[in-house]
Amino acid sequence: MTGYIIRRLLQFIPVVIAATLIVYGLVFLMPGDPIRALAGDRPMSDAVRETLREQYNLDDPFLLQYGKYIWGVFTAGDFGTTFQGRPVSDIIQQRLPVTLTLAAVTFVIQGIIGIAAGVLSAIFRDRFIDRLVQVSTVVVVALPVLAIAFVLQLIFGLNLGWFPIAGTREGLYSYILPGFAMAAVSTAMIARLLRGELIEALQSDYVRTATAKGMRRSRVITRHGLRNSMIPIVTFMGADLASMIGGSIVVESIFNLPGLGEQVYRSIQAQEGTVVVGIVTLFVLAFVVINLIVDLLYAVLDPRIRYD
Amino acid sequence: MTETNRPDIQTAPQEPEASGPEASQAEASLWADAWRSLRTNPWFIISAVLLLILITMALFPQLFTNENPRECYLSRSRLEPSAEHWFGTDIQGCDYYARVIYGARNSVAIGVVVSIGVFIISLVLGLLAGYFRGWIDAVISRITDLIFALPFILGALVFLNVIESRGVTEVAGVLIVFMWPTMTRLMRGSVLSVVNVEYVTAARALGAGHLTIMRRHILPNSLGPVMAYTAILTGIVIGAEATLTYLGVGLQLPAISWGLQLSDAQRYITQLPHLTVFPLIAVGLTVFAFMSLGDAIRDAIDPKSKKR
């Protein structure tokens, strides 16, 4: 197991380096001279300019700049400084809780509603509730997150006034609409995926055996049917975290949540390259680690899988 | 669903509508069977009708409105929907119905251009990777891994931000860069599933060259899933374009685009919600139509996928 983890981590190093290098390179290409932007209208002496260029490594060749940066990230957790002199890790620390809360709310909604809908529609196959789940998932899966977020904001925020439409002033309550917007598509996918898996599992021999032994139906479904159907769901939820990162940019912008996604969007507009690179690097790292955890979870859910 | 269990015997030559004189029996019956199952799928009919309207709208917007979307009078700014202006007017006093109708063209153009581009790239790369394996496969697979490590919206955001003037070509180009890996993997997978089949071995034994084998045997038999995904991808692309434009890194004024309309409307969402509602419906229906068309095609080609 340990060997497997180490091997996976080693495999991911080139991917992480290449991905961050691309982002770093693109931000490097952003138009405009950051030092001039920093100076604003005031004249700046050449000496000051030189010192600043030195301080931000702006005169180093591109690859060396990148190397210094990535070294700082991994050895000291130093994501660089904004041109206003504020450490990027500061911004990350301040914004991370919002994004994590949103991700957690999304995950809970996905898990509860997706699994409940999938199980119900598998048990009551071809009955009304199953048809309802089928039709609504077909519709939801085929809508972009942008549209779902706006629809929720218009109906439940503006028209009915049940939820706040922007900001985080009302605590966890303000995360419900954005959470649903982020979770909608994945919830529908989970419901569909689980329905298929569970229907197949419930027709299998081991379920028939369990039922024949006189086991309660609820126990048969949860212990025998569900446990065996959960593997693809876990895979899906893990892989889906990647799309959540993209979704968080959109949803946080629409609902005006001060999280990392919204910060990326803002920093791109403001040409704050270091902030963009810092947050994107963090996202890429998170993505890789999550994928690894998902892989390891398989072994827990399916004892047949052994990593050696 | 029950109709999936249709016995295969029925698919035999009953309908001799071969797509060409050389078309093999199996090919004709696969597509004929797919068409039969499509015709009875309500989702296919709904999405086909929607797409027909949409494409007409993109090609001949004049058929739907006599108003010129660029003729704006501040004297009629911010009107609510009425008999004269079905969707009301926007801040500049343009007829909003005409704006929304004319917005179809850019969305559909980007959707179609990106899909065709991705389709061609994936066909070629997937075929090469799946057929030759070895180093070609290794290189292509590592590049897809790399692009997968970047969350799509994030990557596109950073990429597009570097380009200063963005039209349909630029946005479509960046979307192609991020969209090809998924379909290439799909194509590679379906090539792998047919590359070792007996008829390929037989063709090779008879002395057929690589090109002939790929063209005559591999391509026709691995095209199904990719075709279905192309329709789904068009939907994804249109949603992504609207999202990126909404975030301010897609199309730019004076282009008429649903994403721009949404991003302008957001400031007025509490006072003038109709400005958000109509482009939103347009984006939602368009994406929905393409994606459910793709789903329907996939179900028709591979009935097994229906359980998902």
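Refer to the structure presented above.
A quick note: this is a predicted structure, and the numbers were derived from the prediction, not measured.

Cut-off values and rules
- Residues numbered from 1 in each chain as written.
- Chains lettered and ligands numbered in written order.
- Predicted model: local features only at pLDDT ≥ 70, side-chain atom pairs only at ≥ 80, totals over all residues.
- Heavy atoms only, no water.
- Contact = heavy atoms within 4.5 Å.
- Buried area = accessible area lost by both parts, 1.4 Å probe.
- Salt bridge = Lys/Arg side-chain N within 4 Å of Asp/Glu carboxyl O.
- Polar contact = N/O pair within 3.5 Å; in protein donor to acceptor, adjacent residues only side chain to side chain.
- Buried < 20%, exposed > 50% of the residue type's maximum accessible area, 1.4 Å probe, protein only.
- Helix = DSSP H or I, 4+ residues; strand = E, 2+ residues; numbered from the N terminus.
- Core = buried A, V, L, I, M, F, W, Y, C linked by side-chain atoms within 4.5 Å.
- Patch = residues over 30% accessible without salt bridge, like charges linked within 9 Å, V, L, I, M, F, W, Y side chains within 5 Å.
- Areas by Shrake-Rupley, 256 points an atom, 1.4 Å probe, with all protein chains shown as cover.
- Lys, Arg positive; Asp, Glu negative; His and termini not counted.
- Charge placed at Lys NZ, Arg CZ, Asp CG, Glu CD.
- Phe/Tyr/Trp six-rings, centres within 6.5 Å; stacked < 30°, edge-to-face > 60°.

### With respect to the interface of chain B and chain A
Next, step 1: In this assembly, 39 residues from chain B lie in contact with 50 residues from chain A.
Next, step 2: For the pairing of chain B and chain A, the buried interface totals around 4000 Å² over both sides, and the portion due to carbon and sulfur atoms is 77%.
Next, step 3: Its salt-bridge partner being Asp295 of chain B, residue Arg192 of chain A comes within 3.6 Å of it at the nearest N-O pair.
Next, step 4: Where chain B touches chain A, the interface holds one residue pair in polar contact (both at pLDDT 80 or more).

### Quick look at helix H9 (residues 258–265) of chain B
Next, step 1: With six of eight residues buried, H9 of chain B lies mostly within the body of the structure.
Next, step 2: Listed as buried for H9 of chain B are Trp258, Gly259, Leu260, Gln261, Leu262 and Ala265 of chain B.
Next, step 3: Where the residues of H9 of chain B are buried, they touch helix H7 (145–159) of chain A together with helix H2 (42–59), helix H3 (96–132), helix H8 (210–246) and helix H10 (274–301) of chain B.
Next, step 4: A side-chain oxygen of the first residue of H9 of chain B lies 3.1 Å from the backbone nitrogen of Gly259 of chain B; this N-cap is Ser257 of chain B.

### Points about unusual backbone geometry
Next, step 1: Not every positive phi belongs to a glycine, and Asn256 of chain A is a case in point at roughly 55 degrees.
Next, step 2: Relative to the helices and strands, Asn256 of chain A resides in the loop between helix H10 (217–254) and helix H11 (260–269).
Next, step 3: On the basis of relative accessible area, Asn256 of chain A is assigned to the partly exposed category, the value being 41%.
Next, step 4: At Arg133 of chain B, a position not held by glycine, the phi torsion is positive, near 50 degrees.
Next, step 5: Note on placement: Arg133 of chain B falls in the loop between H3 and helix H4 (134–148).

### Section: the side chain of Gln261 of chain B
Residues and elements named next belong to chain B.
Next, step 1: Assignment of secondary structure puts Gln261 in helix H9.
Next, step 2: With relative accessibility at 7%, the residue Gln261 sits in the buried group.
Next, step 3: Contact partners of Gln261, with chain neighbours within four places excluded, come to Tyr96, Arg99, Val100, Ile256 and Pro279.

### Some thoughts on the nonpolar core
Next, step 1: If you look at the biggest cluster of nonpolar residues, it comprises 144 residues, and the most contacted ones within it are Val114, Leu175 and Ile218 of chain B.
Next, step 2: Tallying contributions element by element places H8 of chain B first for this core, with 15 residues.
Next, step 3: Filtering out sequence-adjacent residues up to four positions away, Ile218 of chain B remains in contact with Leu127, Tyr131, Val191, Val194, Val195, Val200 and Ile213 of chain B.
Next, step 4: Judged by nonpolar contacts, the second largest core, of 17 residues, contains Ile199, Ile221, Ile233 and Met237 of chain A.

### A closer look at the pattern of salt bridges
Residues and elements named next belong to chain A.
Next, step 1: According to the stated counting rule, one finds eleven salt bridges over all chains in the structure shown.
Next, step 2: One salt bridge in this structure joins Arg208 and Asp205, with 3.4 Å as the shortest N-O distance. Note that Arg208 and Asp205 are positioned in helix H9 (residues 205–212) at a spacing of three residues, about one turn of the helix.
Next, step 3: A salt bridge links Arg266 to Glu262; its shortest N-O distance comes to 2.9 Å. With Arg266 and Glu262 both in helix H11 and four residues apart, the pair spans about one turn of that helix.
Next, step 4: Glu262 sits in the buried class, given a relative accessible area of 6%.

### A short note on a positive patch on the surface
Next, step 1: Taken together, the side chains of Arg216, Arg219, Arg223 and Arg227 of chain A present a region of like positive charge at the surface.
Next, step 2: By secondary structure assignment, the location of Arg223 of chain A is in helix H10.

### Describing the packing of aromatic side chains
Next, step 1: A full pass over the atoms with the stated rule returns six aromatic pairs over all chains.
Next, step 2: Seen from their ring centres, Phe150 of chain A and Tyr246 of chain B are 5.6 Å apart, and the 85 degrees between their planes marks the pair as edge-to-face. Placement of the pair is Phe150 of chain A in helix H7 and Tyr246 of chain B in helix H8, with the two residues belonging to separate chains.
Next, step 3: In this structure Tyr246 of chain B comes out as buried when scored by relative accessible area, which is 5%.

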